[in-house]
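Spelled out, the chains give:
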Amino acid sequence: MENRKLSLEMKKQAIERGLCKEWTDGWGEPDMQGMLDKYLHGIDFCIRHDWPSPGFMKKTVPEELLHVNNIFIDDDVHARNLRCMAVLNGRCRGMLMFDGFSSCTVYVRHDSIVHIDCSRFSKVFISVHDRAKVTVVQHGASSVYVYEHGDGCEINCIGNISRRKSVNII
């Protein structure tokens with residue numbers, strides 16, 4: 001699907017899901033990277049509406065572009081010190097490691113199963129959604145914060161980890 005047509009379709013779908021006026025008015029004509037930037041910047045909206053679906057993203061966005069943006073769908077993910085933000089969608093499996101002075105916000109969704117190891121002076125924020133299964137290990141002076149969204153998650157925390165269960169307010 002051509003970028004302009006895809007962008008218009010994505011905007012239409014977002015509006016149907018309640019996209020606010022500010023985002024609607026500022027949508028513009030983004031290319032594929034611009035749409036991924038919108039996805040990452042509006043990740044809370046996307047998660048709340050489970051949109052766009054992992055299948056749609058896999059079909060529409062080149063895998064290399066997803067991976068460059070730390071967006072994974074049904075992938076084996078083995079990575080060290082991912083930068084800024086990472087989103088694991090679908091049925092991802094793997095291990096993430098953070099050490100040194102790395103910092104990242106990680107969203108683990110759907111049916112993903114991941115082990116996250118945090119050490120040295122890393123600072124990692126982990127949001128677990130849907131039916132995801134996560135084991136988080138904290139070592140050294142790392143700071144780790146885990147946020148559980150929903151009742152279907154399985155989270156195993158080892159070490160000095162701050163854990164919170166979210167409360168959805170409508």
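Here we summarise the structure given alongside this text. Just so you know, these numbers come straight off a predicted model, no measurement behind them.

**As for the layout of surface pockets**
Put simply, the second largest pocket is a space of about 300 Å³. Lining the second largest pocket are 22 residues, with Trp27, Met35, Tyr39, Cys46 and Trp51 sitting closest to its centre. Those elements that place two or more of their residues in the lining of the second largest pocket are α1 (3-16), α3 (32-41), α4 (43-48) and α5 (54-60). In terms of residue count, the dominant contributor to the lining of the second largest pocket is α3 (5 residues). Counted by class, the lining of the second largest pocket contains 18 nonpolar, 3 polar and 1 charged residues.

**As for the sheet that holds strand β8 (residues 133-138)**
Taken together, the 5 strands give an open sheet; going across it, the order is β2-β4-β6-β8-β10, and neighbouring strands pair in parallel fashion. Each edge of the open sheet is held by one strand with a lone partner, namely β2 (76-80) and β10 (154-158). Taken pair by pair, the neighbouring strands of this sheet meet at an average axis angle of 10°, ignoring direction. As paired elements, β2 and strand β4 (residues 93-98) share 5 bridges and run parallel to each other. Each residue of the ladder has a partner; that of Asp76, found in β4, is Arg93.

**Overview of the sheet that holds strand β3 (residues 84-89)**
If you trace the 6 strands from one edge of the open sheet to the other, you get β1-β3-β5-β7-β9-β11, paired in parallel fashion. The two strands at the open ends of the sheet, each matched to only one other strand, are β1 (71-73) and β11 (161-165). Looking at each pair of strands side by side, their axes are set apart by 15° on average, direction ignored. When strand β5 (residues 103-108) meets strand β7 (residues 123-128), the two strands line up parallel, connected through 6 bridges. Its bridge partner being in β7, Val106 is matched across the sheet by Ile126. Strands in contact with α3 are β1 and β3; relative to β3, the strand with the most contacts, it is inclined by about 90°.

Reading guide: rules and limits
- Residues numbered from 1 in each chain as written.
- Predicted model: local features only at pLDDT ≥ 70, side-chain atom pairs only at ≥ 80, totals over all residues.
- Heavy atoms only, no water.
- 1 Å grid on protein atoms, 1.4 Å probe; cavity = no way out; pocket = protein on both sides within 12 Å on 5 of 7 lines; lining within 4 Å.
- Points joined across faces, edges and corners; volume = space filled by probe spheres on them.
- Helix = DSSP H or I, 4+ residues; strand = E, 2+ residues; numbered from the N terminus.
- Nonpolar A, V, L, I, M, F, W, Y, C, P; charged D, E, K, R; others polar.
- Pairing = 2+ DSSP bridges.
- Axes fitted to C-alpha atoms, helices over the stretch in contact; angles between N-to-C directions.
- Contact = heavy atoms within 4.5 Å.

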